[in-house]
Amino acid sequence: QVQLVESGGGLVQAGGSLRLSCAASRSIFSINAMGWYRQAPGKQRELVAAIVSGGSTNYADSVKGRFTISRDNAKNTVYLRMNSLKPEDTAVYYCNAIYGSSQMFSSWGQGTQVTVSS
């Protein structure tokens, strides 16, 4: 099983930047996919960005051009760089990992709060 710990959230003014980190308890080299999700109050959790083992990335339309997902295999860490933040980006951000072979597993972190003030 993979444990995930997020960090880097906080309070930032609109237009500012933050970098979230997701540290995994073991090597992420063979993890099928890792992603960042967010959940705002009263809303469903939504996918923000994902990166698969081959390196391909995928982004929600609302964050394209502003957010960048990346990973450092040596540090077992996935990052989410968030630029040009908007108040509507305010949410709890969660890290997710999908792994396995014949049977797939999913792990979630505890979440980190991002608040963007106008």
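Structure shown above.
Keep in mind that this is a model prediction, so the values were computed, not measured. (Residues numbered from 1 in each chain as written. Predicted model: local features only at pLDDT ≥ 70, side-chain atom pairs only at ≥ 80, totals over all residues. Heavy atoms only, no water.)

Things to note about the environment of Gln-110
Keep this limit in mind: By definition, any uninterrupted DSSP run of H or I lasting at least four residues is a helix, any uninterrupted run of E lasting at least two residues is a strand, and each is numbered from the N terminus. Exposure categories follow from relative accessible area, calculated using a 1.4 Å probe and restricted to protein chains: below 20% of the type maximum is buried, above 50% is exposed, and the middle band is partly exposed. Contacts were defined at the residue level, with two residues in contact if any of their heavy atoms lie within 4.5 Å.
In this structure, Gln-110 sits in the loop between strand 10 (104-108) and strand 11 (112-117). Judged by its relative accessible area of 48%, Gln-110 falls in the partly exposed class. Remark: the alpha-carbon pair of Gln-110 and Leu-4, spanning 106 residues in sequence, is separated by 7.7 Å. Once you skip the residues sitting within four places of it in the chain, Gln-110 turns out to touch Leu-4, Val-5, Glu-6 and Tyr-94.

Observations concerning the state of the cysteines
We count it as follows: Here, two cysteine sulfur atoms that lie within 2.5 Å of each other are counted as a disulfide.
Applying the stated criterion across every chain, the model contains one disulfide. What pairs with Cys-22 in a disulfide is Cys-95, and their sulfur atoms sit 2.0 Å apart. For the disulfide bridge between Cys-22 and Cys-95, the dihedral angle about the S-S bond is near -80 degrees, and by the sign convention the bridge is left-handed. Taken together, the residues Cys-22 in strand 3 (residues 18-24) and Cys-95 in strand 9 (residues 91-100) connect sequence positions 73 residues apart.

A look at the pattern of salt bridges
When the charged atoms of two side chains lie near each other, side chains of opposite charge can form a pair. Rule in force here: Salt-bridge detection follows one rule: a side-chain nitrogen of Lys or Arg within 4 Å of a carboxyl oxygen of Asp or Glu.
Per the counting criterion, the structure on display carries four salt bridges. Two residues, Asp-61 and Lys-64, come together in a salt bridge whose shortest N-O distance is 3.1 Å. Both residues of the pair, Asp-61 and Lys-64, belong to the exposed class. In the salt-bridge network here, residues are joined through shared partners; they are Arg-38, Glu-46, Arg-66 and Asp-89.

Here we look at the packing of aromatic side chains
How we decide: Each Phe, Tyr or Trp ring, with Trp reduced to its six-membered ring, pairs with another whose centre is within 6.5 Å; inter-plane angles below 30 degrees give stacked pairs, above 60 give edge-to-face pairs, and intermediate values give tilted ones.
Tallied over the full model, the rule gives two aromatic pairs. For the pair Tyr-37 and Trp-108, a centre-to-centre distance of 4.9 Å together with 65 degrees between the ring planes defines the contact as edge-to-face. One end of the pair, Tyr-37, is in strand 4 (residues 33-39); the other, Trp-108, is in strand 10, with 71 residues separating them in the sequence. In this structure Trp-108 comes out as partly exposed when scored by relative accessible area, which is 38%.

Examining the sheet that holds strand 8 (residues 77-82)
Neighbouring strands of a sheet are bound in pairs by backbone hydrogen bonds; such pairs are parallel or else antiparallel. Condition: Strand pairing is assigned whenever DSSP identifies at least 2 bridges connecting the two strands. Axis definition: a line fitted to C-alpha atoms, limited for helices to the stretch in contact. Angles are taken between N-to-C directions and run from 0 to 180 degrees.
Strand order in the open sheet made by the four strands is 1-3-8-7, with antiparallel pairing throughout. Since the sheet does not close on itself, it has two edges, and those belong to strand 1 (4-7) and strand 7 (67-72), each with one partner. In this sheet, neighbouring strand axes are inclined to one another by 15 degrees on average, regardless of whether the strands run parallel or antiparallel. Direction of pairing for strand 1 relative to strand 3: antiparallel, over a ladder of four bridges. Bridge pairing in strand 3 places Glu-6 opposite Cys-22.

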